[in-house]
Structures are given as C-alpha cells and as structure tokens.
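# Inside the fold
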Amino acid sequence: MKKGLFVTFEGIEGSGKSTQIIQLADYLKAKGYNVIVTREPGGTLIGSAIRKILLNPEFSGMDYHTEVLLYAADRAQHVGEVIRPALENGDMVISDRYIDSSVAYQHYGRGLPLDFILDVNERAVQGLKPDLTFLLSVPVALGLERATKVAADRIERESIKFHTRVESGFQELAANEPSRWRIIDSTRSIDEVRKEVVRAVDALLGK
Ligand code: ADP
Ligand code: TYD
C-alpha cells in the first residue's frame, strides 16, 4: 500500500526543475522526512542505459514510436524498482519528470496520438499517479538559454517551435487537472520560486 507522497516537477529544459528539487528535498529532510530524489529518464541502472540511447544526438533517425516506448520502458523500471517501493515504505518521492513529460513532448511536441501514449504509460506504471505536480513555467527562450550546455542532446536540438508546443502542452495539462498541478512562475529568483513550492507542499501535508 502506498503511504508516502509522490511529487513530480515538469517543465521545459532550463525551467529550474533540478534546482528546485534540491531545495525542496533539503527542506523536507530538515523536517525529518525520508526523501528520495530521482529523475526520468535514467533513475535506475537500466534506465541510465535507456537514457543514453534516448539522448544520443547520433540517433537523429529515431522513430517517434520508438521514443515513446523507450521513455515508457525507462518509467516501468523506475516505478517498479525505485518509486513504488519507496512510497510503500512511506518515503517522500520527488521525481524530475514523469508521464506528463511524455504527453507534453511526444503528444504535443511530436504529434503522436494521446491515447497511445496514455495507454502504454498507464500499463507501464500500473496506474501510479503523482499526488502533486509542479509546472515550472518559463518562456521558451529563457529556458533554453538557461539550459545551454556545451553540447545539446537529441531533444534539446529540436526547434524553438517544438519547445513552444511542449510548453503550451504542459499549460493545457495543468489547466485540465488543477487539483494535481501547481503552475509556478519560474522567471523569478530561485528563492521566490522555492518559497512558493514549499508553501504548496506544506499545504498538502496539512501544515
Ligand atoms: P532543469 O532541471 O529544469 O533543466 P535547472 O534547475 O538545471 O533546470 O536550471 C538550469 C539553469 O538555470 C541552471 O544553471 C540553474 O542554476 C539556473 N536557474 C534555475 N532556476 C533559476 C532561477 N529562478 N533564476 C535564474 N537562474 C536559474
Ligand atoms: P534531461 O537532460 O534530463 O533534461 P531536463 O534536465 O530538462 O529534465 O533530458 C531529458 C529530455 O528528455 C528532455 O529534453 C525531455 C525529454 N523527455 C521526453 O521527451 N519524454 C519523456 O517522457 C521524458 C521523461 C523526457
């Protein structure tokens, strides 16, 4: 039986997910919670191998269906090996991305059918849903500027138009399910964003 809390962070690259996850984990640890921080793709050993295939810029010819199935394969392993056992143990699980990323990138971004993505993923995770999901919202240009690394990975090489579809996809997902989502303006300072994230988690914990 699930006893812990499952929190996910979503948003385009460079929206500040990793930064805020570290802050939230520190806050919850200081309150005495057992916190598991993890990410997709690549939250397990098998997932790290899948991640290398998914993000390899040499694989520019990857079929979009292959892409969906590889993200779902990574997720099945992640839920089975890390997330579900931790939740059953009563831990706080914070994940950098989850199924919503597949809907935003592979449905809104790539244009694949929503029912295919939801069906594959719901089977992969056997119905496990987050209790709370943050959308860290930033204009695409700012996110990509913040995310700029020496070598962009396969998905980061996509066009501004692609990332704009992904960001509006996230907005639509959040608007359709407001009880689970909190949209956070991530153009503000790291500390201002942190305070809003903490407020939302405290509210859910009833404190
Ligand atoms: P993501 O995990 O969503 O890709 P990161 O947390 O890695 O994003 O942030 C990308 C970059 O932007 C990092 O260099 C980080 O220090 C910086 N950053 C994150 N949040 C903010 C913010 N609120 N203001 C300015 N810079 C930020
Ligand atoms: P990553 O370097 O982890 O990016 P970020 O720090 O922004 O999370 O790369 C993950 C990439 O994979 C990112 O471009 C989003 C993409 N992605 C999908 O397209 N579908 C998915 O289901 C997931 C989990 C990620």
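Basis of the calculations
- Residues numbered from 1 in each chain as written.
- Chains lettered and ligands numbered in written order.
- Predicted model: local features only at pLDDT ≥ 70, side-chain atom pairs only at ≥ 80, totals over all residues.
- Heavy atoms only, no water.
- Phe/Tyr/Trp six-rings, centres within 6.5 Å; stacked < 30°, edge-to-face > 60°.
- Helix = DSSP H or I, 4+ residues; strand = E, 2+ residues; numbered from the N terminus.
- Buried < 20%, exposed > 50% of the residue type's maximum accessible area, 1.4 Å probe, protein only.
- Lys NZ or Arg CZ within 6 Å of the ring centre and 35° of its normal.
- Polar contact = N/O pair within 3.5 Å; in protein donor to acceptor, adjacent residues only side chain to side chain.
- Contact = heavy atoms within 4.5 Å.
- Near = heavy atom within 4 Å.
- Areas by Shrake-Rupley, 256 points an atom, 1.4 Å probe, with all protein chains shown as cover.
- Nonpolar A, V, L, I, M, F, W, Y, C, P; charged D, E, K, R; others polar.
- Salt bridge = Lys/Arg side-chain N within 4 Å of Asp/Glu carboxyl O.

Another point: the packing of aromatic side chains. What characterises a pair of aromatic rings is the spacing of the ring centres plus the angle enclosed by the ring planes. For the structure on display, the rule yields 4 aromatic pairs. Their ring planes at 80° and their centres at 5.0 Å tell us that Phe-6 and Tyr-98 sit as a pair that is edge-to-face. Here Phe-6, found in strand 1 (residues 5-10), pairs with Tyr-98, found in the loop between strand 3 (92-96) and helix 4 (99-109); they are 92 residues apart in sequence, far enough to count as distant. Geometrically, the ring pair formed by Tyr-105 and Phe-170 is edge-to-face, given 6.2 Å between the ring centres and 80° between the ring planes. Taken together, the residues span a long stretch of sequence, with Tyr-105 in helix 4 and Phe-170 in helix 7 (residues 160-176) at a distance of 65 residues. By the burial criterion, Tyr-105 is buried, and Phe-170 matches it. One aromatic cluster is present, built from ring pairs that chain together Tyr-105, Phe-162 and Phe-170. Sitting over the face of the ring of Tyr-98, Arg-75 holds its NZ or CZ atom 5.9 Å from the ring centroid.

Residue placement: Thr-38 occurs in strand 2 (residues 35-39). Here His-78 takes part through its side chain, which lies 2.7 Å from a polar atom of the side chain of Thr-38. In contact with Thr-38, not counting residues within four places along its chain, are Gly-43, His-78, Val-82, Val-93, Ile-94, Ser-95 and Asp-96.

Turning our eyes to something else, we now look at the site of ligand 2. Taken together, 16 residues form the shell around ligand 2, and within it Tyr-71, Arg-75, Arg-97, Ser-102 and Gln-106 come nearest. The side chain of Ser-102 places a nitrogen or oxygen atom 2.6 Å from an oxygen atom of ligand 2. Coverage of ligand 2 by the protein amounts to 93% of the 550 Å² it exposes when considered alone. Looking at the shell around ligand 2 element by element, the count peaks at 4 residues for helix 4. Of the residues assigned to the shell around ligand 2, the class counts are 5 nonpolar, 3 polar and 8 charged.

So, on to the pattern of salt bridges. Side chains that differ in charge, positive against negative, can pair when their charged atoms come close. Under the criterion given, the structure shown has 12 salt bridges. Of the charged contacts, one joins Arg-97 and Glu-13 as a salt bridge, the two residues approaching to 3.8 Å between their closest N and O atoms. Highlighted residues: Arg-97 in the loop between strand 3 and helix 4 and Glu-13 in the loop between strand 1 and helix 1 (17-30), separated in sequence by 84 residues. Arg-97 gets classed as buried once you look at its relative accessible area, which sits at 12%. Glu-13 gets classed as buried once you look at its relative accessible area, which sits at 10%. Across the salt bridge formed by Arg-194 and Asp-191, the nearest N and O atoms sit 3.0 Å from each other. Of this pair, Arg-194 and Asp-191 both sit in helix 8 (residues 190-205), separated by 3 residues, roughly a single helical turn. Since its relative accessible area comes to 35%, Asp-191 is described here as partly exposed. Within this structure, Asp-100, Lys-129, Glu-177 and Arg-180 form a network of salt bridges that share partners.

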